[in-house]
Amino acid sequence: MTTIIRAEAAHDFLALVPSLAGFRPERSLVCVAFIGNRTAGVLRFDLPRRVRDRAPLVATIVGTLCRLPGVDALVPIVYTDARFGVGRGMPQRSLLGMLTARAEEAGFLVRDALCRASDGWGSLLDPDTPATGHPLALIDESPVTRLAADVREVASSPSESATLPAAEPDVAARIVDALEQLTGEAHEKTLRRLGENGDPVALVETLLGRESVHPPLRLAWFLHLASIPALRDAMMLQIGFGVLVGEAAHDDAMNTADRAAELGETVDGFVVREMAAGTLGEVSEMLSRLMIGRSTLRPDVRRVERALALLRQLIANASPAHRVGPLCIAAWLAWSLGRGSAAGAFIDRAIDIDPGHSMAGLLSTLIGSGTLPEWAFSGR
């Protein structure tokens, strides 16, 4: 069921934004996009630190809005720790003014342009906004605050979904023991204990199934496979796009790994070079395009959410040596859902562990550039 909450005044709308975004914005420029009279999405960007960074940011925002199907209006909102002070006026007024002008030039209706500072709030488009701002109590005491809280849980920050649970020492110890069995002399015997889950494709489907608790051996096998670049990427794509893509990705991964080994290259380096040269095979190219978001095929949100919940627990209980692979998978999955801040938090952890990790570096560049996957623009 769709719940409709009407924000009759600007302070009511500001009370609604955290529920629209799913988190409480801080030190951000947030753009709420509209199709007609209904909200269609929320974009969040870090506030520029330098004046010269404002114009590139505005160009990025307007360009992104232009690619969102049906979007015809917006409300930009600055969230800042700065203060209105005593008569100094609205913080970030020039940034809001620049964005409003560029958006209107591009044909968008700017319904309002707001600022929530540390000591008040105001509207760029309201000439009656006091120089000291309106009191924040108007937002906090709005009836919309209660209504919105009943509809959707709000995280404290956009990266909260990357927060790891507390480690469970007993679980962690059993995973370490299982990894030693998988990589030791009893490797073949241990693999037979996994049964059909020895196959990476079957393993992923099992982990995404209804079971809430998985045997340590199964989790350890996933961690081991996630440390192998070709298999890591295949499992990642399977989580997002389903078993058929997983099977194709697994077969292609084996072929790619063999070709990279023959040339003495890493798998990540081999794929980047082949893409640049335009010599990837048809299946490899399709999978690579999915990897970098150049496709309108959307990931399955339910599968991705289940995987992220599992990965957070698994990363928390893995040793540092086995965390980078699943951190890369988690980062890509978060990015595929448009959660750039969470994706960045996962990647930062991966790079802290292994600064030279090739996949972590590639994902850091992709996520840090603010690039969104094509499927974000393929419909509502």
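Residues numbered from 1 in each chain as written. Predicted model: local features only at pLDDT ≥ 70, side-chain atom pairs only at ≥ 80, totals over all residues. Heavy atoms only, no water.

S.K.: Would you explain the packing of aromatic side chains in this entry?
M.R.: To describe a pair of aromatic rings, you give the distance between the ring centres and the angle between the ring planes. Using the criterion set out here, one finds six aromatic pairs in the structure. Relative to Trp-335, the ring of Trp-332 lies with its centre 6.3 Å away and its plane at 55°, an arrangement referred to as tilted. Here the residue Trp-332 and the residue Trp-335 both occupy positions in helix α15 (residues 324-336), the gap between them amounting to three residues, near one helical turn. Comparing Trp-332 with Trp-335, the two get one shared label, buried. (Phe/Tyr/Trp six-rings, centres within 6.5 Å; stacked < 30°, edge-to-face > 60°. Helix = DSSP H or I, 4+ residues; strand = E, 2+ residues; numbered from the N terminus. Buried < 20%, exposed > 50% of the residue type's maximum accessible area, 1.4 Å probe, protein only.)

S.K.: Just checking my understanding: could you explain the nonpolar core for this structure?
M.R.: The biggest cluster of nonpolar side chains holds 66 residues, and the ones touching the most others in it are Phe-222, Leu-237, Ile-329, Trp-332, Leu-333, Phe-346 and Leu-363. Examining the composition of this core, we find that ten residues originate from one element, α15, more than from any other. When neighbours within four sequence positions are excluded, Leu-333 is seen to be in contact with Met-236, Ile-239, Val-304, Ala-307, Leu-308 and Leu-311. (Core = buried A, V, L, I, M, F, W, Y, C linked by side-chain atoms within 4.5 Å. Contact = heavy atoms within 4.5 Å.)

S.K.: Help me understand the side chain of His-357 in this model?
M.R.: Position of His-357 relative to the elements: it lies in the loop between α16 (340-353) and α17 (358-368). For His-357, a relative accessible area of 18% puts it in the buried group. Setting aside anything within four residues of it in sequence, one finds His-357 in contact with Arg-232, Val-324 and Cys-328.

S.K.: Quick question: what am I supposed to make of the pattern of salt bridges here?
M.R.: Applying the stated criterion to the full structure yields twelve salt bridges. Close ionic contact of Arg-67 with Glu-374 constitutes a salt bridge, the shortest N to O distance being 2.9 Å. Linking Arg-67 in helix α2 (residues 54-67) with Glu-374 in the segment after α17, this pair joins segments that are 307 residues apart in sequence. Classification of Arg-67 as partly exposed rests on a relative accessible area of 38%. The residue Asp-119 makes a salt bridge to Arg-83 at a minimum N-O spacing of 3.8 Å. Taken together, the residues Asp-119 in the loop between β5 (114-116) and β6 (121-123) and Arg-83 in the loop between β3 (73-79) and α3 (93-105) connect sequence positions 36 residues apart. (Salt bridge = Lys/Arg side-chain N within 4 Å of Asp/Glu carboxyl O.)

All quantities given are derived from atomic positions and should not be read as evidence of function.
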